[in-house]
Amino acid sequence: MGILEGLNPQQKRAVTAPPGAVLVLAGPGSGKTRVLTHRVAYLIRHREVAPWHIMAVTFTNKAAREMRDRVVELLGGSLDGLTIGTFHATCARILRREADRWYATADYVIYDRDDQEKVVKQALQRLNLDDAKFPPRMMVKLIGRAKNELITPQLYRAGAYVEEVAGRVYAEYQALMKKSNALDFDDLLMQLVLVLDAEPTVMKKYQRRYQHILVDEFQDTNTAQYALLKRLAAEHGNLFCVGDEDQSIYRFRGADWRNVRRFREDYPESETILLEQNYRSTQIILDAAQGVIRPNPHRTHKALFTERRAGARITVHEAYNEDEEAEFVVNTILRMIGASGRPQRAKPGDFAIMYRTNAQSRRIEEAFVRAGMSYRLVGATRFYARREVRDVIAYLRAVHNPDDLVSLLRIINVPPRGIGAKTVAALRDWAEQAGASLGAAIAGMAEGSTSGPGMPPPVAGRASRAVSRFADLLAGWVARSETTPVADLMDLILEESGYRDRLHDGSPEGEERWDNVLELRNVASEYPETTLSEFLEQVALVSEVDNLTEELTAPTLLTLHAAKGLEFPVVFIVGLEDGILPHRRSWDDPEQMAEERRLLYVGITRAMDRLYLLHCFRRSAWGDAELGRPSRFLDDLPPALIAGAGEHLDRRVGRRAHRDRLLPGLARPAQAERRAVLAPAGPSFETGQRVQHSVFGEGVVIESEPADGDEIITVAFEELGLKRLLASVAKLEAIGEG
DNA sequence: AACAAACGGCTTTTT
DNA sequence: GCCGTTTGTT
């Protein structure tokens, strides 16, 4: 009976609900995922369902991994055949298995948005359309939107002129994808639905296999995903969906929280269960969150409650600008970590700083660096988006799938090997005429090859020799790719292609890039058994957020989107200004504004004990400073929940007061003052003084300059070289004369 | 063909 | 204020 232990009555009811359609609408921190995992365990243990017959889908790999671990923990032992994974990974695997039913082969590659744009550019070129007039980004967006709605190029109907063009580009794009043996993210879903519809035997096969389907974060499903679920569940109707309409924040990728309503219409017999008890936050934080979300229309009201005490009130703070905002965050963290004597004092890993856009992370990072404090950044300049990483992956893809045009074009002359634009164009024409892919045509030019188009290559002399050399290289890698572990194959490619020497040019940037390449190699060497195909799939479908390590030893910086599903004792949300949150791109669309509100709701409900909401008086955008207007969402916080009431009791007044301040001649009023409060005169350091820093180790003070009532010192550390630190913040200890 | 310098567009959010 | 692309130079 261990499976039902420790569950509250609502949770128990959800876990043990009879098979059939079940909708669990759950508030934040209510143990949603717990209910899902216990349900899986319950089906296996008490309903005697074979693990083989269960499919549980989520949106992130992290959630999937957690779920699997917890099911294993509940039941003990391995659960062979249990399918737990993300929508995309699950679809990718089925498509690979059924590849012969459908246009691609099992070797297909997955294109991300960057690759998609390149394909669109190709398509525009072939259609003689100007890519300045029809921005590839927009085309990608329109194509993606169509795919999320299961609209094929044949079904695509235009309303506006751009869409008419988009329709043609879409058709050409799809033809190119097919030629390249490539699928984009949206294809993974749409193509699978198309296969199921076109092949009744395949449909039957998976309907029989997956007798019970469970979905987490159901509010984030798009039309294609919902269609897939409906098809798989069509025979038995065992569809168990868990979600929270108020946490739907992925509209931009087609998510439609109205699927929750559709579900109720499609399964009128379904049972709806609410989970309203929150196990995470204080009542004050919950009340604040509800204040923010309440104005949204069409919600299923949930009365969130907790058995925790009211807790500390929320701090709303106006900083002068981004730097002061960041400093407020860092200083507050340092204060809370340093506050000795308290029963439980905060640990660095207890803190999270959340923002609307990745661009906002930089100023916060800088403040942490100034303070000599380490931090953990999620996302931002994404590892897999770095040029060198993409280059190496392109090499691997080109080896794996010779038809992958985007990858081939990326590496054909990187590092420079004498195959210029003209040569490439000639080769492409040649391949086109012979009805072969560029990769196949080039392969025909390798030494001793008998394949290739039955025509002489269109290039001669130096260019011809260069292409042949490249073809030989490729052929050599392809020959070894079947039997060589991925990491070794990478070594071979890096060496023989000259890519390693190119990065290793002695410059610090080169070193950094090389480190990134090595990191990618590490990923590969961690799983020596992984095939090239599996490795490439993993690289395409696993995001960095998924790689978040569990043990937290430093404050976490992340976007509000990335924060979903996580919790932290202390949360700072920065940049709460109109134009940022809500983002200015959302102003003209009520649906989008509702989503911005949900985004803030998600952020607030990540906090367990303490919540800080920050906004700036001035914010610089692309260089010049603008005046920030406090976010309209702040108006919806019940004033009684806000600490230091005077300043922010009535936000309307606050906003009017703010407008009154928009007068000329306004010099930085609060800055010096605030520094004085936040940074009381610290110890002062002299040149030559030896110091000890908690993170950087030992060093010698090189320079000291006063700054706004504080002191900026430059220290030469033995290990790390020169660092500039703010004396009041840096936690330096003098250790005798040097 | 390879590099340096100027230019322009851009910021939501992610599988 | 950054990044990638285009343009000009050798």
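Analysis parameters
- Residues numbered from 1 in each chain as written.
- Chains lettered and ligands numbered in written order.
- Predicted model: local features only at pLDDT ≥ 70, side-chain atom pairs only at ≥ 80, totals over all residues.
- Heavy atoms only, no water.
- Helix = DSSP H or I, 4+ residues; strand = E, 2+ residues; numbered from the N terminus.
- Buried < 20%, exposed > 50% of the residue type's maximum accessible area, 1.4 Å probe, protein only.
- Contact = heavy atoms within 4.5 Å.
- Areas by Shrake-Rupley, 256 points an atom, 1.4 Å probe, with all protein chains shown as cover.
- Patch = residues over 30% accessible without salt bridge, like charges linked within 9 Å, V, L, I, M, F, W, Y side chains within 5 Å.
- Salt bridge = Lys/Arg side-chain N within 4 Å of Asp/Glu carboxyl O.
- Lys, Arg positive; Asp, Glu negative; His and termini not counted.
- Charge placed at Lys NZ, Arg CZ, Asp CG, Glu CD.
- Near = heavy atom within 4 Å.
- Polar contact = N/O pair within 3.5 Å; in protein donor to acceptor, adjacent residues only side chain to side chain.
- Nonpolar A, V, L, I, M, F, W, Y, C, P; charged D, E, K, R; others polar.
- Expected span 1.5 Å × (residues − 1).
- Arc of directions from axis to C-beta.
- Phe/Tyr/Trp six-rings, centres within 6.5 Å; stacked < 30°, edge-to-face > 60°.
- Core = buried A, V, L, I, M, F, W, Y, C linked by side-chain atoms within 4.5 Å.
- Axes fitted to C-alpha atoms, helices over the stretch in contact; angles between N-to-C directions.
- Parallel < 35°, antiparallel > 145°, perpendicular 65-115°, else oblique.
- Pairing = 2+ DSSP bridges.
- pLDDT = per-residue confidence, 0-100.

K.L.:
An account of the overall build of chain A is needed here, citing residue identities and associated values.
P.N.:
Counting secondary structure elements, chain A contains 27 helices and 23 strands. Out of the 738 residues belonging to chain A, those deemed buried represent 54%. Within chain A, residue pairs in contact and separated by at least 24 positions form 75% of the contacts whose partners lie at least 6 positions apart. Of the roughly 33,200 Å² of accessible surface on chain A, 50% is carried by carbon and sulfur atoms.

K.L.:
So what's going on with a negative patch on the surface? Residues and values would help.
P.N.:
A cluster of acidic residues, Asp-505, Glu-509, Glu-511, Glu-512, Asp-515 and Glu-519, forms a negative patch at the surface. Mapped onto the fold, Asp-515 is located in helix α22 (residues 508–526). Residue Asp-515 is classed as partly exposed on the basis of its relative accessible area, which comes to 44%.

K.L.:
How would you explain the protein's contact with DNA strand B if you had to name every residue and give the values?
P.N.:
Close to DNA strand B lie 25 residues, the nearest being Arg-137, Arg-356, Pro-416, Gly-420 and Arg-585. Here a phosphate oxygen of DNA strand B and a side-chain polar atom of Arg-137 are 2.8 Å apart. Contacts to DNA strand B include Asn-358, whose backbone N or O atom sits 2.8 Å from a phosphate oxygen. In terms of residue class, the surface near DNA strand B is built from 8 nonpolar, 11 polar and 6 charged.

K.L.:
Explain helix α19 (residues 461–481) to me, using residue names and the numbers behind them.
P.N.:
Along its 21 residues, α19 runs 30 Å from first to last C-alpha, staying within 8% of the 30 Å computed at 1.5 Å per residue. Among all positions of α19, only Ala-463, Ser-464, Ala-466, Val-467, Phe-470, Ala-471, Leu-474, Trp-477 and Ser-481 are buried. Angularly, the buried residues of α19 cover 160 degrees about the axis, an arc narrow enough to put them on a single face. In α19, the exposed positions angled more than 90 degrees off the buried face are occupied by Arg-462, Arg-465, Arg-469 and Ala-479. Lining the buried residues of α19 we find α15 (387–400), α16 (405–411), α17 (421–434), α18 (438–443), α20 (486–496) and α23 (532–541).

K.L.:
Go over the packing of aromatic side chains, please, and point to the residues and values.
P.N.:
In this structure the tally under the stated criterion is 14 aromatic pairs. Taking 6.3 Å as the distance between ring centres and 75 degrees as the angle between the ring planes, the aromatic pair formed by Tyr-395 and Tyr-499 counts as edge-to-face. With Tyr-395 in helix α15 and Tyr-499 in helix α21 (residues 499–503), this residue pair connects regions lying 104 residues apart in the sequence. The class of Tyr-499 is buried, set by a relative accessible area of 3%. These aromatic residues form a ring-pair network of at least three members: Phe-218, Tyr-226, Phe-263 and Tyr-267.

K.L.:
Talk me through the nonpolar core; I want residue IDs and the actual numbers.
P.N.:
By size, the foremost hydrophobic cluster in this structure holds 66 residues, and its most contacted members are Val-169, Leu-188, Ile-213, Val-215, Phe-218, Leu-239 and Phe-263. Ignoring anything within four residues of it in the chain, the contact list for Leu-239 reads Gly-20, Ala-21, Val-22, Ile-213, Val-215, Leu-229, Ala-233, Phe-263 and Tyr-267. In this structure, Leu-396, Leu-408, Ile-412 and Leu-536 belong to the second largest nonpolar core, which totals 47 residues.

K.L.:
A description of the packing of α15 against α20 should follow, citing residues and the corresponding values.
P.N.:
Two elements in contact, α15 and α20, have axes whose closest approach is 11 Å; the angle formed by their N-to-C orientations is 105 degrees. What the angle tells us is that α15 and α20 run roughly perpendicular. Together, Val-392, Tyr-395, Leu-396 and Val-399 of α15 and Leu-489, Met-490, Ile-493 and Leu-494 of α20 make up the contact between the two elements. Within the contact of α15 with α20, the residues separate by chemical class into 8 nonpolar, no polar and no charged.

K.L.:
Explain the environment of Gly-349 residue by residue, including any values.
P.N.:
The residue Gly-349 is located in the loop between α13 (322–338) and β12 (351–355) in this model. Sequence separation of Gly-349 and Pro-19 is 330 residues, and the distance between their C-alpha atoms is 41 Å. Once residues within four sequence positions are removed from consideration, Gly-349 is found in contact with Leu-552, Thr-553, Ala-554 and Phe-568.

K.L.:
Could you give an account of the packing of helix α12 (residues 283–293) against helix α24 (residues 590–604), naming the residues involved and the relevant values?
P.N.:
Between α12 and α24, the shortest axis-to-axis distance is 9 Å and the interhelical angle comes to 175 degrees. Of the possible angle classes, the one that applies to α12 and α24 is roughly antiparallel. Along the contact surface, α12 presents Ile-285, Ala-289, Gln-290, Val-292 and Ile-293, while α24 presents Arg-597, Arg-598, Leu-600, Tyr-601 and Ile-604. When its residues are assigned to classes, the contact of α12 with α24 shows 7 nonpolar, 1 polar and 2 charged.

K.L.:
Which residues make up the sheet that holds β12, and what values go with them?
P.N.:
What the 6 strands build is an open sheet, ordered β11-β16-β15-β12-β14-β13; its pairing is parallel. Looking at strand neighbours, the two that pair on one side only are β11 (315–319) and β13 (376–377), the edges of this open sheet. The pairing of strand β15 (residues 568–573) with strand β16 (residues 607–616) spans 5 bridges and is classified as parallel. Its bridge partner being in β16, Val-571 is matched across the sheet by Leu-611. Sheet strands in contact with α24 are β12, β15 and β16, and its direction is about 145 degrees off that of β15.

K.L.:
Any chance you could break down unusual backbone geometry for me, citing the residues and the numbers?
P.N.:
Following Leu-581, the chain continues into Pro-582 via a peptide bond in cis, with omega recorded as 0 degrees. Structurally, Pro-582 can be placed in the loop between β15 and α24. In this model, Asn-128 sits at a positive phi of 55 degrees, which is unusual for a non-glycine residue. Following the sequence through the fold, Asn-128 ends up in the loop between α5 (113–126) and α6 (136–148). Judged by its relative accessible area of 71%, Asn-128 is exposed. Here Glu-217, not a glycine, exhibits a phi torsion of approximately 50 degrees, which is positive. Within the fold, Glu-217 resides in the loop between β6 (212–215) and α10 (223–232).

K.L.:
Residues and numbers for the confidence of the model for chain A, please.
P.N.:
In the predicted model, chain A carries a mean pLDDT of 83, and the fraction of residues at 70 or more is 84%. This stretch, residues 646–683, has a pLDDT under 50; its non-local contacts, to residues over four places away or in other chains, come to 47 contacts.

K.L.:
Tell me about a positive patch on the surface, and please be specific about residues and values.
P.N.:
A surface patch of like charges, here positive, comprises Arg-137, Lys-141, Arg-145 and Arg-585. Looking at the element boundaries, Arg-585 is found in the loop between β15 and α24.

K.L.:
Please give an account of the environment of Phe-252 that cites residues and values.
P.N.:
With respect to the helices and strands, the residue Phe-252 is situated in the loop between β7 (239–243) and α11 (259–266). According to the relative accessible area criterion, Phe-252 is exposed, its value standing at 59%. Not counting chain neighbours up to four residues away, the residues in contact with Phe-252 comprise His-561 and Glu-595.

K.L.:
Let's hear about the sheet that holds strand β1 (residues 22–26): which residues, and what values?
P.N.:
If you trace the 6 strands from one edge of the open sheet to the other, you get β3-β2-β6-β7-β1-β8, paired in parallel fashion. Looking at which strands have only one partner, the edges of the open sheet turn out to be β3 (83–86) and β8 (271–275). Direction aside, the axes of adjacent strands within the sheet are offset by 15 degrees on average. By the bridge criterion, 3 bridges tie β6 to β7 in an arrangement that is parallel.

K.L.:
Mind laying out the pairing of β11, listing which residues take part and the relevant values?
P.N.:
Most of β11 sits out of view: 5 of its 5 residues are buried. Residues Thr-315, His-317 and Ala-319 of β11 are buried on one face, and the alternating residues Val-316 and Glu-318, pointing to the opposite face, are buried as well. Alignment of β11 against β16, held across 5 bridges, turns out to be parallel. Within the sheet, the bridge partner assigned to His-317 lies in β16 and is Leu-614.

K.L.:
So what's going on with the pattern of salt bridges? Which residues, and what values?
P.N.:
The final tally for this structure, using the stated rule, is 43 salt bridges. Of the charged contacts in the structure, one is a salt bridge between Glu-217 and Lys-564, with a shortest N-O distance of 3.6 Å. Separated by 347 residues along the polypeptide, Glu-217 in the loop between β6 and α10 and Lys-564 in the loop between β14 (556–559) and β15 bring together distant segments of the chain. Residue classification places Glu-217 among the buried residues on the basis of a relative accessible area of 15%.

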